[in-house]
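# Examination of the molecular architecture
Now for the letters of each chain:
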Amino acid sequence: MVYYSRTGYTKRVVNVLKQVLASEDFTVDVYVVLPMREYSKPLHVNFRLIYDTIFKKGTSIKFEPSKPKLGDYDLVVVASPIWIGTLSSPIQEFLKRHATMRSVVVIATSVRSMETAKIERIVEKLCGAKPMLCANIRDATIRDSAKLKETVQEVVNELRAVTGIR
Ligand SMILES: Cc1cc2nc3c(=O)[nH]c(=O)nc-3n(C[C@H](O)[C@H](O)[C@H](O)COP(=O)(O)O)c2cc1C
(Lines give C-alpha, C1' and ligand atoms only; values in the text may rest on other atoms or scores of the structure.)
Protein backbone atom coordinates (compact mmCIF):
# COMPACT_ATOMS: atom_id res chain seq x y z
CA MET A 1 0.00 0.00 0.00
CA VAL A 2 1.18 3.48 -0.85
CA TYR A 3 -0.48 6.46 0.74
CA TYR A 4 -0.30 10.11 1.65
CA SER A 5 -2.23 11.57 4.54
CA ARG A 6 -1.97 15.16 5.70
CA THR A 7 -4.51 15.19 8.53
CA GLY A 8 -4.73 11.50 9.45
CA TYR A 9 -7.95 10.27 7.80
CA THR A 10 -6.33 8.34 4.97
CA LYS A 11 -3.81 6.91 7.42
CA ARG A 12 -6.69 5.53 9.52
CA VAL A 13 -8.20 3.86 6.46
CA VAL A 14 -4.83 2.35 5.53
CA ASN A 15 -4.32 1.00 9.06
CA VAL A 16 -7.73 -0.69 9.10
CA LEU A 17 -7.25 -2.04 5.58
CA LYS A 18 -3.88 -3.44 6.59
CA GLN A 19 -5.46 -5.14 9.62
CA VAL A 20 -8.30 -6.65 7.57
CA LEU A 21 -5.95 -7.85 4.80
CA ALA A 22 -3.49 -9.32 7.32
CA SER A 23 -6.34 -11.17 9.06
CA GLU A 24 -7.21 -12.67 5.65
CA ASP A 25 -3.62 -13.89 5.15
CA PHE A 26 -2.43 -11.25 2.70
CA THR A 27 1.14 -10.01 3.09
CA VAL A 28 1.00 -6.24 3.16
CA ASP A 29 3.75 -3.61 3.12
CA VAL A 30 2.95 0.02 3.66
CA TYR A 31 4.85 2.95 2.17
CA VAL A 32 4.17 6.60 2.85
CA VAL A 33 4.60 9.16 0.09
CA LEU A 34 5.60 12.56 1.41
CA PRO A 35 6.21 15.86 -0.29
CA MET A 36 9.87 16.88 0.05
CA ARG A 37 8.47 20.00 1.66
CA GLU A 38 5.29 19.28 3.64
CA TYR A 39 2.39 21.71 3.12
CA SER A 40 1.77 23.99 6.08
CA LYS A 41 -1.59 24.87 7.57
CA PRO A 42 -4.03 26.46 6.93
CA LEU A 43 -4.12 24.00 4.02
CA HIS A 44 -7.15 25.44 2.23
CA VAL A 45 -5.35 28.72 1.60
CA ASN A 46 -1.88 27.30 1.04
CA PHE A 47 -0.94 28.72 -2.34
CA ARG A 48 1.77 26.11 -3.05
CA LEU A 49 -0.69 23.29 -2.26
CA ILE A 50 -3.29 24.76 -4.61
CA TYR A 51 -0.71 25.37 -7.35
CA ASP A 52 0.82 21.86 -7.09
CA THR A 53 -2.58 20.16 -6.95
CA ILE A 54 -4.40 21.97 -9.76
CA PHE A 55 -1.75 23.31 -12.12
CA LYS A 56 1.47 21.35 -11.61
CA LYS A 57 -0.35 18.09 -10.83
CA GLY A 58 2.52 16.90 -8.65
CA THR A 59 5.38 17.87 -6.38
CA SER A 60 8.81 16.53 -5.36
CA ILE A 61 8.26 13.42 -3.27
CA LYS A 62 10.08 11.02 -0.98
CA PHE A 63 9.07 7.68 0.53
CA GLU A 64 9.10 6.18 4.00
CA PRO A 65 10.50 3.76 5.06
CA SER A 66 11.94 3.38 1.52
CA LYS A 67 11.02 3.61 -2.13
CA PRO A 68 8.71 0.68 -2.92
CA LYS A 69 9.78 -1.89 -5.50
CA LEU A 70 6.37 -2.18 -7.07
CA GLY A 71 7.35 -5.11 -9.25
CA ASP A 72 7.53 -7.24 -6.10
CA TYR A 73 3.79 -6.96 -5.53
CA ASP A 74 0.70 -8.57 -7.08
CA LEU A 75 -1.39 -5.54 -6.28
CA VAL A 76 -0.74 -1.92 -5.37
CA VAL A 77 -3.29 -0.05 -3.28
CA VAL A 78 -2.90 3.72 -3.53
CA ALA A 79 -4.70 5.87 -0.96
CA SER A 80 -5.05 9.64 -0.99
CA PRO A 81 -7.18 12.48 0.28
CA ILE A 82 -9.22 14.39 -2.29
CA TRP A 83 -7.91 17.93 -2.60
CA ILE A 84 -9.90 20.49 -4.57
CA GLY A 85 -11.79 17.82 -6.46
CA THR A 86 -8.74 15.77 -7.41
CA LEU A 87 -6.08 13.55 -5.81
CA SER A 88 -3.49 15.11 -3.50
CA SER A 89 -0.38 16.37 -5.28
CA PRO A 90 2.06 13.81 -3.74
CA ILE A 91 -0.14 10.97 -5.00
CA GLN A 92 -0.57 12.63 -8.40
CA GLU A 93 3.22 12.71 -8.62
CA PHE A 94 3.48 9.06 -7.56
CA LEU A 95 0.99 7.98 -10.23
CA LYS A 96 2.73 10.04 -12.93
CA ARG A 97 6.08 8.42 -12.08
CA HIS A 98 4.65 4.93 -12.15
CA ALA A 99 2.90 4.97 -15.48
CA THR A 100 3.71 1.32 -16.10
CA MET A 101 2.02 0.13 -12.93
CA ARG A 102 -0.49 -2.67 -13.41
CA SER A 103 -3.12 -3.85 -10.92
CA VAL A 104 -3.82 -0.62 -9.09
CA VAL A 105 -6.59 -0.11 -6.58
CA VAL A 106 -7.32 3.47 -5.52
CA ILE A 107 -8.93 4.62 -2.29
CA ALA A 108 -9.78 8.29 -1.99
CA THR A 109 -10.92 9.93 1.24
CA SER A 110 -13.01 13.08 1.25
CA VAL A 111 -15.57 15.12 3.18
CA ARG A 112 -18.24 14.85 0.50
CA SER A 113 -18.83 11.71 -1.49
CA MET A 114 -17.19 11.70 -4.88
CA GLU A 115 -18.13 9.70 -7.94
CA THR A 116 -15.64 6.87 -8.31
CA ALA A 117 -15.88 7.19 -12.11
CA LYS A 118 -14.38 10.67 -11.74
CA ILE A 119 -11.52 9.36 -9.59
CA GLU A 120 -10.91 6.63 -12.19
CA ARG A 121 -10.61 9.23 -14.94
CA ILE A 122 -8.11 11.25 -12.88
CA VAL A 123 -5.97 8.14 -12.27
CA GLU A 124 -6.13 7.13 -15.93
CA LYS A 125 -4.94 10.58 -17.03
CA LEU A 126 -2.00 10.45 -14.64
CA CYS A 127 -0.70 6.92 -15.12
CA GLY A 128 -2.40 5.76 -18.31
CA ALA A 129 -4.12 2.81 -16.70
CA LYS A 130 -7.60 2.43 -15.33
CA PRO A 131 -7.56 1.24 -11.71
CA MET A 132 -9.02 -2.23 -11.15
CA LEU A 133 -11.09 -0.81 -8.35
CA CYS A 134 -11.79 2.62 -7.00
CA ALA A 135 -13.38 3.38 -3.63
CA ASN A 136 -14.33 6.62 -1.94
CA ILE A 137 -14.60 6.74 1.85
CA ARG A 138 -16.02 9.81 3.55
CA ASP A 139 -14.59 11.43 6.69
CA ALA A 140 -17.87 10.81 8.56
CA THR A 141 -17.40 7.06 7.97
CA ILE A 142 -13.73 7.20 8.97
CA ARG A 143 -14.59 8.88 12.28
CA ASP A 144 -16.92 5.97 13.16
CA SER A 145 -14.58 3.02 13.74
CA ALA A 146 -17.30 0.33 13.41
CA LYS A 147 -18.57 1.86 10.17
CA LEU A 148 -15.03 2.20 8.85
CA LYS A 149 -14.26 -1.46 9.50
CA GLU A 150 -17.50 -2.47 7.75
CA THR A 151 -16.71 -0.25 4.75
CA VAL A 152 -13.13 -1.51 4.50
CA GLN A 153 -14.39 -5.09 4.64
CA GLU A 154 -16.71 -4.29 1.72
CA VAL A 155 -13.74 -2.88 -0.22
CA VAL A 156 -11.76 -6.07 0.47
CA ASN A 157 -14.68 -8.21 -0.72
CA GLU A 158 -14.90 -6.16 -3.92
CA LEU A 159 -11.15 -6.41 -4.31
CA ARG A 160 -11.33 -10.19 -4.14
CA ALA A 161 -14.12 -10.17 -6.72
CA VAL A 162 -12.30 -7.96 -9.24
CA THR A 163 -8.82 -9.44 -8.82
CA GLY A 164 -9.85 -13.04 -8.44
CA ILE A 165 -7.47 -13.30 -5.45
CA ARG A 166 -8.86 -15.92 -3.09
C1 LIG B 1 -6.67 21.57 0.79
C2 LIG B 1 -7.81 20.63 0.96
C3 LIG B 1 -8.75 20.48 -0.06
C4 LIG B 1 -9.82 19.59 0.07
N5 LIG B 1 -10.71 19.46 -0.95
C6 LIG B 1 -11.76 18.62 -0.82
C7 LIG B 1 -12.69 18.46 -1.89
O8 LIG B 1 -12.59 19.04 -2.95
N9 LIG B 1 -13.76 17.64 -1.68
C10 LIG B 1 -13.93 16.96 -0.49
O11 LIG B 1 -14.93 16.25 -0.38
N12 LIG B 1 -13.03 17.06 0.51
C13 LIG B 1 -11.95 17.87 0.39
N14 LIG B 1 -11.04 17.99 1.40
C15 LIG B 1 -11.19 17.14 2.60
C16 LIG B 1 -10.24 15.92 2.58
O17 LIG B 1 -10.33 15.24 1.35
C18 LIG B 1 -10.61 14.93 3.69
O19 LIG B 1 -10.70 15.56 4.93
C20 LIG B 1 -9.61 13.79 3.74
O21 LIG B 1 -10.17 12.71 4.47
C22 LIG B 1 -8.30 14.21 4.39
O23 LIG B 1 -7.41 13.15 4.36
P24 LIG B 1 -6.10 13.14 5.26
O25 LIG B 1 -6.55 13.38 6.68
O26 LIG B 1 -5.54 11.77 5.10
O27 LIG B 1 -5.18 14.21 4.80
C28 LIG B 1 -9.97 18.85 1.28
C29 LIG B 1 -9.03 19.01 2.31
C30 LIG B 1 -7.96 19.87 2.15
C31 LIG B 1 -6.95 20.01 3.27
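Residues numbered from 1 in each chain as written. Predicted model: local features only at pLDDT ≥ 70, side-chain atom pairs only at ≥ 80, totals over all residues.

### As for the overall build of the chain
Across its full length, the chain carries 6 helices and 7 strands. The linear arrangement of helices and strands in the chain, starting from the amino end, is β-α-β-α-β-β-β-α-β-α-β-α-α. Taking 166 residues into account, the globule formula puts the C-alpha radius of gyration at 15 Å, and the chain, at 15 Å, falls close to it. When the backbone C-alpha atoms are referred to their principal axes, the chain occupies close to 45 × 35 × 30 Å. (Helix = DSSP H or I, 4+ residues; strand = E, 2+ residues; numbered from the N terminus. Rg over C-alpha atoms; globule rule 2.2 N^0.38 Å.)

### Overview of the nonpolar core
Of all hydrophobic cores here, the largest spans 37 residues; its most connected members are Val 13, Val 77, Val 78, Ala 79, Val 106 and Ile 107. Elements that contribute at least two residues to this core include exactly strand S1 (2-3), helix H1 (9-23), strand S4 (76-83), helix H3 (89-97), strand S6 (104-110), helix H4 (116-127), strand S7 (133-138) and helix H6 (145-163). Among the elements that make up this core, the one with the highest residue count is S4 (6 residues). If we ignore the near neighbours within four places in the chain, the residues touching Val 77 are Met 1, Leu 17, Val 105 and Ile 107. (Core = buried A, V, L, I, M, F, W, Y, C linked by C-beta atoms within 7 Å. Buried ≥ 20, exposed ≤ 12 C-beta atoms within 10 Å, placed from the backbone. Contact = placed C-beta atoms within 7 Å.)

### Notes on the site of the ligand
Surveying the vicinity of the ligand reveals 20 residues, the closest of which are Ser 5, Thr 7, Tyr 9, Thr 10 and Pro 81. Tallied by class, the residues present in the shell around the ligand amount to 8 nonpolar, 8 polar and 4 charged. (Near = placed C-beta within 6 Å. Nonpolar A, V, L, I, M, F, W, Y, C, P; charged D, E, K, R; others polar.)

### Overview of the packing of H1 against H6
In contact at an axis separation of 10 Å, H1 and H6 are set at 60° when each is read in the N-to-C sense. In this view, H1 runs oblique relative to H6, as classed from their interaxial angle. When you trace H1 past H6, the crossing you get is right-handed. The segment H1 lies against H6, with Arg 12, Val 13, Val 16, Leu 17, Val 20 and Leu 21 engaging Leu 148, Lys 149, Val 152, Gln 153 and Val 156. (Axes fitted to C-alpha atoms, helices over the stretch in contact; angles between N-to-C directions. Parallel < 35°, antiparallel > 145°, perpendicular 65-115°, else oblique. Left-handed = near helix turned anticlockwise from the far one by under 90°.)

### A word on the pairing of S4
The buried fraction of S4 amounts to 8 of the 8 residues, a majority that puts the element mostly inside the structure. Across 2 bridges, S1 lies against S4 in parallel orientation. Each residue of the ladder has a partner; that of Tyr 3, found in S4, is Ala 79. Turn length for the S4-strand S5 (residues 86-87) hairpin, with the two strands adjacent in sequence and antiparallel, is 2 residues, and the turn residue Ile 84 shows positive phi of about 50°. (Pairing = 2+ DSSP bridges.)

### A short note on the packing of H3 against H4
To characterise two packed helices, one gives the angle between the axes of the helices and the distance between these axes. Where H3 meets H4, the axes come as close as 7 Å, and the angle between the chain directions of the two elements is 50°. In this view, H3 runs oblique relative to H4, as classed from their interaxial angle. Here H3 contributes Gln 92, Leu 95 and Lys 96 to the contact with H4, which in turn contributes Val 123, Leu 126 and Cys 127. Residues belonging to the contact of H3 with H4 are distributed by class as follows: 4 nonpolar, 1 polar and 1 charged.

### Let's talk about the pairing of S6
Burial analysis of S6 places 6 of its 7 residues in the buried class, the great majority of the element. The pairing of S6 with S7 spans 6 bridges and is classified as parallel. Among the inter-strand pairings, Thr 109 is bridged to a residue of S7, identified as Ile 137. Viewed along the sheet, the connection from S6 through H4 into S7 turns out right-handed. (Right-handed = clockwise from strand over helix to strand, strands pointing away.)

### A few points about helix H2 (residues 47-56)
The periodicity of an α-helix, 3.6 residues per turn, causes residues three or four places apart in sequence to face the same way. Along H2, the residues that are buried comprise Leu 49, Asp 52 and Thr 53. End-on view of H2: buried residues confined to an arc of 90°, all on one side of the axis. Summarising the geometry of H2, the exposed residues directed more than 90 degrees from the buried face are Phe 47, Tyr 51 and Phe 55. Backbone geometry just after H2 places Lys 57 at a positive phi near 55°. (Arc of directions from axis to C-beta.)

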